[in-house]
Amino acid sequence: MERLFIDQAKATPQIDFDMDTRILIIKGQSYPENAFKFYEPVFNWLDDFLTQIQDERQIRLELSLPYVNTSSSKCIMMLLEKFEEAKEQGRNILINWYYDKDNESELECAEEFKEFVDLEFNLIPC
Amino acid sequence: MCMKLTDIQNILGTSKILTCFSGRFSQGLIEEMGEAVKKHMECEEMPKNAIFNVFSIFIEQTQNIKNYTATKEGSPNYNTIAGNSIVCIGNTENNYFIWSGNYIENSDIEPLRKKLELVSKANKDELKLLFREQMKKELEPGKNGAGIGLIDIARKASSPIEYSFEKVDDSFYFYEIKVIV
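Residues numbered from 1 in each chain as written. Chains lettered and ligands numbered in written order. Predicted model: local features only at pLDDT ≥ 70, side-chain atom pairs only at ≥ 80, totals over all residues. Heavy atoms only, no water.

A.B. asks: Now, about the pairing of strand β6 (residues 120-125) of chain A: what can you tell me, with residues and values included?
C.D. replies: Residue and element names in this part refer to chain A. In terms of strand pairing, strand β5 (residues 93-99) meets β6 through six bridges, oriented parallel. Each residue of the ladder has a partner; that of Y98, found in β6, is I124. Considered for its hand, the β-α-β crossover made up of β5, helix α3 (residues 104-116) and β6 is right-handed. (Pairing = 2+ DSSP bridges. Helix = DSSP H or I, 4+ residues; strand = E, 2+ residues; numbered from the N terminus. Right-handed = clockwise from strand over helix to strand, strands pointing away.)

Next up, the structure:
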């Protein structure tokens, strides 16, 4: 399986999913014209990846999303649901969500996602 | 009658409008305007969460219009709807506002009006529940948006959202929404 890398643009985040290190990074603002279209290859890669992984070595999702519009939020939610499912099947998953410590709205948004899913979920100020 | 540029300047000034675009929205335009407003607010040393809320509401409002327009692609009404969109961002002494409007077909008013009534009357806890419900819901196939925009706008607004529908002709109404942050 190849590493998935998508460069950051004004309205889309950088995607860097590495099969070998099992570190999956989404970093940057997300408000594309069509979020579902943008995240489709991300979903597909993740589905393949999660089918191939059969052991308990940790998979780490690193999220740094200073702004997400509502349709991107929905996509992030769908992504987290895929991880939730994988966790139920015994995979070892950690979510690190980085937020700007001076922006309470960003923290609220992150907290809400944490409440939505049953996953090991760290909120990390920076 | 020919309007002078200073007349337009006066209208913008008395309406407290900082920036305004009228015409056909594109994703590129939305990005540029959004980033410009963000920079402007940073220069004014506004708190980060105020900048965040103004930017979010601006993006949701304009993308709602853009998504609505996209559903009319191929229809004979497409050009009229696409060409008649407007968005203004302004600030009064204490608040920022995002004020936008677009043409809407008569038959699309009712579902929108219902949603607007729901979100403008709900309190913050009820809005949180609505948001959660919508986030957990399966996506409607073929839709560009997730149907969460107005809920999110109402959550970030500092007072209930104002909206109206005004008849243009037999086919269209002008729908406008004003959100104070």
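Next, the rest of the story.
A.B. asks: Summarise the environment of B:S100; cite the residues concerned and give the values.
C.D. replies: Residues and elements named next belong to chain B. One can find S100 in strand β3 (residues 96-105). Along the primary structure S100 and L116 are separated by 16 residues, whereas in three dimensions their C-alpha atoms are 14 Å apart. A polar atom in the side chain of S100 sits 2.7 Å from the side chain of Q61. (Polar contact = N/O pair within 3.5 Å; in protein donor to acceptor, adjacent residues only side chain to side chain.)

A.B. asks: An account of the state of the cysteines is needed here, citing residue identities and associated values.
C.D. replies: When the sulfur atoms of two cysteines share a covalent bond, that bond is a disulfide. What the rule picks out here adds up to zero disulfides over all chains. With no disulfide of its own, A:C126 has A:C109 as its nearest cysteine by sulfur position, at a separation of 14 Å. With no disulfide of its own, B:C88 has B:C20 as its nearest cysteine by sulfur position, at a separation of 3.3 Å. Given the relative accessible area of 7%, B:C88 is considered buried. (Disulfide = S-S within 2.5 Å. Buried < 20%, exposed > 50% of the residue type's maximum accessible area, 1.4 Å probe, protein only.)

A.B. asks: Explain the packing of aromatic side chains to me, using residue names and the numbers behind them.
C.D. replies: Enumeration according to the criterion identifies 17 aromatic pairs over all chains in this entry. Aromatic side chains A:F38 and A:Y39 sit 4.9 Å apart centroid to centroid with 90 degrees between the ring planes, which places their arrangement in the edge-to-face category. By relative accessible area, A:F38 is classed as buried at 15%. Accessibility expressed as a relative area gives 0% for A:Y39, which makes it buried. Relative to A:F121, the ring of A:W97 has its centre 6.1 Å away and its plane inclined at 20 degrees; by these criteria the two rings are stacked. Taken together, the residues span a long stretch of sequence, with A:W97 in strand β5 and A:F121 in strand β6 at a distance of 24 residues. The buried category is assigned to A:W97, whose relative accessible area is 0%. What makes A:F121 buried here is its relative accessible area of 4%. Three or more aromatic residues joined by ring pairs make a cluster, and in this case those are A:W97, A:F113, A:F116, A:F121 and B:F131. (Phe/Tyr/Trp six-rings, centres within 6.5 Å; stacked < 30°, edge-to-face > 60°.)

A.B. asks: Explain the packing of helix α5 (residues 109-121) of chain B against helix α7 (residues 149-156) of chain B to me, using residue names and the numbers behind them.
C.D. replies: Residues and elements named next belong to chain B. Between α5 and α7, the least distance of the axes is 10 Å, while the angle of their chain directions is 30 degrees. Regarding the angle of α5 to α7, the classification is roughly parallel. For α5 against α7, the interelement crossing comes out right-handed. Touching L112, K115, L116 and V119 of α5 are L150, I151 and A154, all from α7. (Axes fitted to C-alpha atoms, helices over the stretch in contact; angles between N-to-C directions. Parallel < 35°, antiparallel > 145°, perpendicular 65-115°, else oblique. Left-handed = near helix turned anticlockwise from the far one by under 90°. Contact = heavy atoms within 4.5 Å.)

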